[in-house]
Amino acid sequence: MKIGKPEYMKKALLLSEEDQQKVMSRMSGKLPKRLFKEKLSVEEAIAIQLEIEEEQLVEWRKNWAKIRKQDGEKKSGNASKAAAKSAEPASQAKLGAPASKPVTRVTAVKASTGVAGAKAAVNKRETIGKPATAGKAAKPGATSSKPGSKT
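Residues numbered from 1 in each chain as written. Predicted model: local features only at pLDDT ≥ 70, side-chain atom pairs only at ≥ 80, totals over all residues. Heavy atoms only, no water.

**What about the overall build of the protein?**
Put simply, the test is: Under the scheme used here, helices are H or I runs from DSSP no shorter than 4 residues and strands are E runs no shorter than 2 residues, and both carry numbers assigned from the N terminus. Relative accessibility thresholds used throughout: buried, under 20% of the residue-type maximum; exposed, over 50%; partly exposed, between the two (1.4 Å probe, protein chains only). Between two residues, a contact is recorded if the distance between any of their heavy atoms is within 4.5 Å. Exposure was quantified through the Shrake-Rupley algorithm and a 1.4 Å probe, taking into account, for residues, occlusion by the shown protein chains and nothing else.
On a plain count of helices and strands, the protein comes out with five helices and zero strands. Per-residue burial over the protein gives 12% buried out of 151 residues. Considering only intrachain contacts with a sequence separation of at least 6, the fraction spanning at least 24 residues in the protein is 48%. If you sum the accessible surface of the protein, you get close to 13,500 Å²; carbon and sulfur atoms cover 57% of it.

Below you can see the structure in the form of structure tokens.
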């Protein structure tokens, strides 16, 4: 394997010792074996590795652009389907179907509670989405009431 472009050899020579070690740690395949058998110098091996990484980066960018393009086509396809669905004439809609209403959460209250129960239901409706708070704090030294425990 030969160095394709002399610019990679120049880049390899300009790298610091630490950067050379990082590039050498990323080597795989036959390249480290050739370096170990001293068929290549360290600078040549680093230059070849830099060239390989550059080729892989170009290929990765090309594949990523292809994925983005496909994703954009899916999104535009879904948007056009949604637009076509919302533009459906009312005559094609099911006859007698009830109009959609906004959904609200209301807690059930026992019928026997009367006015106090209605106030509780109003209070519960107001607290939806707020964090729950404990009514009473636990007493210090109180033990839990587990089945079978003796207190």
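**Some details on the pattern of salt bridges**
A side chain with one charge may pair with a side chain of the opposite charge, provided their charged atoms come close. Stated formally: Definition used for salt bridges: Asp or Glu carboxyl oxygen within 4 Å of a side-chain nitrogen of Lys or Arg.
Counted under the stated rule, the structure contains three salt bridges. Of the charged contacts, one joins lysine 22 and glutamate 18 as a salt bridge, the two residues approaching to 3.7 Å between their closest N and O atoms. Placement of both lysine 22 and glutamate 18 in helix 2 (residues 17-25) is noted, with a separation of four residues, approximately one turn of the helix. Given the relative accessible area of 54%, glutamate 18 is considered exposed. Note that arginine 26 and glutamate 53 form a salt bridge whose closest N and O atoms lie 2.6 Å from each other. Here glutamate 53 lies in helix 4 (residues 42-86) and arginine 26 lies in the loop between helix 2 and helix 3 (30-36), a separation of 27 residues in the sequence.

**Here's the deal with the confidence of the model for the protein**
The condition that has to hold: As a per-residue measure, pLDDT reflects the predictor's confidence and takes values from 0 up to 100.
Taken as a whole, the protein shows an average pLDDT of 74; of its residues, 55% reach a score of 70 or greater. Least confident of the elements in the protein is helix 5 (residues 114-126), whose mean pLDDT is 54; most confident is helix 2, at 94.

**Quick look at the nonpolar core**
In plain terms, the rule: Residues belong to a common nonpolar core when they are buried Ala, Val, Leu, Ile, Met, Phe, Trp, Tyr or Cys residues joined through side-chain atoms within 4.5 Å.
Grouped together as the largest cluster of nonpolar side chains are 12 residues: Tyr8, Ala12, Val23, Met27, Leu31, Leu35, Leu40, Ala45, Ile46, Ala47, Ile48 and Leu50. Listed by contribution, the elements that provide at least two residues to this core are helix 1 (6-14), helix 3 and helix 4. In terms of residues, this core owes the most to one element, helix 4, which gives five residues. Sequence-distant contacts of valine 23, that is, excluding residues within four places in its chain, are made with Leu15, Ile46, Gln49 and Leu50.

**Considerations on the side chain of glutamate 51**
The following threshold applies: Residues scored as positive are Lys and Arg, those scored as negative are Asp and Glu, and His as well as the terminal groups of each chain are ignored.
With respect to the secondary-structure elements, glutamate 51 resides in helix 4. Buried and without a salt bridge, glutamate 51 has lysine 5 as its closest oppositely charged side chain, separated by 6.3 Å. Every residue in contact with glutamate 51, bar those within four places of it in the chain, is listed here: Lys2, Ile3, Gly4, Lys5 and Tyr8.

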